[in-house]
Amino acid sequence: MILRLAWRNLWRHSRRSWLTIGAIAFATLLLIFMITLQLGSYDMMINNNLQLFTGHFQVQAPGYLKKPQMRNTLAQPQQLAAQIRAINGVEDIGIRAKGFALIASEQRTYGAEVVGVETANETKLSTIPSLIKTGRFLSDDNAQELIIGEVLARNLKVTVGDELTLLGSGHDGSIAAAVLPIVGIFKSGEPGLDRNLIEMPLKSFQEIFSMHDKAHIIVGIVENLDNLETILTQIRSTLLTDKQVVLDWDTLVPGLMQLIEADFINSWFLYICLVLIVTFSILNTFLMAVLERTREFGVMLALGAKPFLIAKLVILESLLLTLLGLAIGMIIGISIVLYFYIHGFSYPGMEELGAEFGITGKVTPELSLLAISLGPLVILAFTMLASIYPALRIRLLKPVDAMKSV
Amino acid sequence: MQKNPVICRKLSKTFQQGEVKIPALVDVDLEIPKGDFVCLSGPSGSGKTTLLNLISGLDNPTSGEIELDGQRIDQMNQSSLAEIRLYKIGFVFQSYNLIPVLTAQENVEFVMQLQGIDSKVRAKKARHILKEVGLEGLEKRRPGDLSGGQQQRVAIARAIVSKPSLILADEPTANLDSHTAESLMELLQSMNSEHGITLLFSTHDQLVMSYSKRLIKLHDGRIASDEKL
Ligand SMILES: Nc1ncnc2c1ncn2[C@@H]1O[C@H](COP(=O)(O)OP(=O)(O)OP(=O)(O)O)[C@@H](O)[C@H]1O
Ligand SMILES: [Mg+2]
């Protein structure tokens, strides 16, 4: 009965009700769309950034992350790499060795980070091999050649075909020196890499730096980032000795998560503003609906209805209105999100930019229960808050006064 | 001993409007026995509405006592008063006293609903009473689709359906033409004589007064005369 009463009261001013429902629906679909897209963008940001070079996780010797010393190596990395590769959910694994060296061209000298990579595995782990601007990627693990970042090449005033002299200290403390030709120049778009990084085949690196078969890093990527924690726990507990640690991407690139969190807080501020605007317009509607019916409530009170019943009626009316708006907003919002989930969403102007850096350029919205229900839940909470005020006013209503107002 | 439905002793109500005190009722003593059919009359501002509001517990007196069925209501809180109104008093107001989104039958059922009466019993009683007030066939209409007289009949049906000990009506015919007013008064009169319902109503209308058994004239908040007709 009270439900029927509430339902019919909604349609007394059907235009006003539809406007309110429309506002709620619009806010709902906007929030669903923005939140799913945002979370999807974060996934893409993380993946693009990590797949450039860092990978999802790395195994290193303890302390190597803080102080990457030549001597601090992983013994028998091949064996460990094979074991990790066998774990369910691990997509690819590669071994790297890393050292610092002075790089001299005919005209200039710079310091740079030289990384020895397994050429076949690196293609799957990192997007750098696909971002070669001129020349080609490293041919095989024994080749005596290197690739170099674009900015570094420009600074050294070298191009493909030129030779570079490397001077560093080897694993055993001896001097490591070599002269190698540049076969490719890459442009990743990440200044740190373009300015500092040189890659060469792992075997050649180990030879030049007298490392035998030791290495510094095992890089891995997983099939699904959501499972990363479980996989790392498994690696930690079954494979590693105290001479090895496994680090996740958040530890390896701490700035990334902070960047995302800052962006997240920013957009929440925006969302709350949006929700507040909607809430106030709804509050206005609710309040009007109550005030214009003061006399009617007076009659109900006079007949013996308790104020609580009328407050319940008013809250129920708001709830119905909100739920209708939410339902419509969610249906439309989810349809839009589904469309972009299938076809991908590209920010205007991002396609060209993305292509240059080997990014697909399309964002897939995140289709999770949380991403979809977060916006509607916030709206529901706020509108329910908005309906409490008019309901409370009813408690102050005295039947005589209420009956007087027409 | 049968208790009187209404007893007022030294009932006063003073309204405060800023600095000014308006004495709307002054020391009113009144007893209404069961089955009485009482008309309150008097010039505008004489305190008719105020008296009805006090007796129904819609407003609190400044001083004095009110008993309904032997129960003191002048010091009761809002929620107990709501209970008293729900079970003991039927209301007919001057106008606009139906719930606009409910049909005639649902309006009649509303009070029974509040009393927690089963829906089948409710519907049966409501249809029966609507037939009695001459509204058979109009049960599904909403107030907006009924004439003023028909609306007042629905209001009367609603007031009597749960057999209250007292029905209060504040100028129930004020918005009706004289013909409709007459037939409405005939209805109230028959409710009084057939069901023994105690009735207290206010009016300005001479014609309407003539239907009552007892006429109380108010003047400046005091009972000026009280005569049996
Ligand atoms: N809420 C109020 N505040 C101040 N004064 C009031 C209030 N209600 C009524 N009064 C005053 O009390 C007096 C009695 O009013 P009441 O409404 O009872 O008269 P009435 O006999 O019903 O008049 P009418 O025939 O016009 O309906 C009037 O002087 C009125 O101005
Ligand atoms: Mg009056």
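Residue positions are counted from 1 within each chain, in the order its sequence is given. Chain A is the first chain written and ligand 1 is the first ligand written, with later ones labelled in order. Per-residue local features are limited, in this predicted model, to residues with pLDDT of at least 70; the limit for side-chain atom pairs, both in listing and counting, is 80 or more; totals at the level of whole chains, interfaces and linings are taken over all residues. Hydrogen atoms and water are omitted, and side-chain values are computed over all heavy atoms in the structure.

### So, the packing of helix α2 (residues 14-54) of chain A against helix α10 (residues 254-291) of chain A
All names here are of chain A.
Here's step 1: Here an angle of 0 to 180 degrees is reported between the N-to-C directions of two axes, which are lines fitted to C-alpha atoms, with helices fitted over the stretch in contact. Strands are runs of DSSP state E lasting at least two residues, helices are runs of H or I lasting at least four, and both sets are numbered from the N terminus onward. At a minimum axis separation of 10 Å, α2 and α10 run at an interaxial angle of 175 degrees. Classified by the angle their axes make, α2 and α10 are roughly antiparallel.
Here's step 2: Three residue categories are used. Nonpolar comprises Ala, Val, Leu, Ile, Met, Phe, Trp, Tyr, Cys and Pro, charged comprises Asp, Glu, Lys and Arg, and polar comprises the others, including Gly. Class assignment for the residues of the contact of α2 with α10 results in 25 nonpolar, five polar and two charged. Orientation is classified from the angle alone, with under 35 degrees giving roughly parallel, over 145 giving roughly antiparallel, 65 to 115 giving roughly perpendicular, and any other angle giving oblique.

### Digging into the interface of chain A and chain B
Here's step 1: At the interface, 22 residues of chain A touch 27 residues of chain B.
Here's step 2: Summing the contributions of chain A and of chain B, the shared interface buries around 2300 Å²; its carbon and sulfur component is 67%.
Here's step 3: Here a salt bridge means any side-chain nitrogen of Lys or Arg lying within 4 Å of a carboxyl oxygen belonging to Asp or Glu. The interface formed by chain A and chain B includes three salt bridges.
Here's step 4: The residue Glu83 of chain B makes a salt bridge to Lys306 of chain A at a minimum N-O spacing of 3.1 Å.
Here's step 5: In protein, a polar contact requires one atom able to donate a hydrogen and another able to accept it; more generally it is a pair of N or O atoms within 3.5 Å, and residues adjacent in sequence count only if both atoms are side-chain atoms. Inspection of the chain A/chain B interface yields six residue pairs in polar contact (both at pLDDT 80 or more).
Here's step 6: Class assignment of the residues belonging to the side of chain A that touches chain B gives a composition of 13 nonpolar, two polar and seven charged. It only takes one pair of heavy atoms within 4.5 Å for two residues to be counted as in contact. Values labelled buried area give the accessible surface lost by two parts on being combined, using a 1.4 Å probe and summing over both.

### Describing the sheet that holds strand β7 (residues 166-170) of chain B
Residue and element names in this part refer to chain B.
Here's step 1: For two strands to count as paired, DSSP must find a minimum of two bridges between them. With respect to topology, six strands assemble into an open sheet ordered β6-β7-β8-β3-β9-β10, the strand pairing being mixed. Of all strands in the sheet, those with a lone pairing partner are β6 (89-92) and β10 (222-228), marking the two edges. Neighbour-to-neighbour, the strand axes of this sheet turn through a mean angle of 15 degrees, independent of strand direction.
Here's step 2: One ladder, built from four bridges, connects strand β3 (residues 37-41) with strand β8 (residues 198-202); its direction is parallel. Within the sheet, the bridge partner assigned to Leu40 lies in β8 and is Ser202.
Here's step 3: Packing against the sheet, helix α5 (residues 148-160) makes contact with β6 and β7, and its axis sits at approximately 175 degrees to β6.

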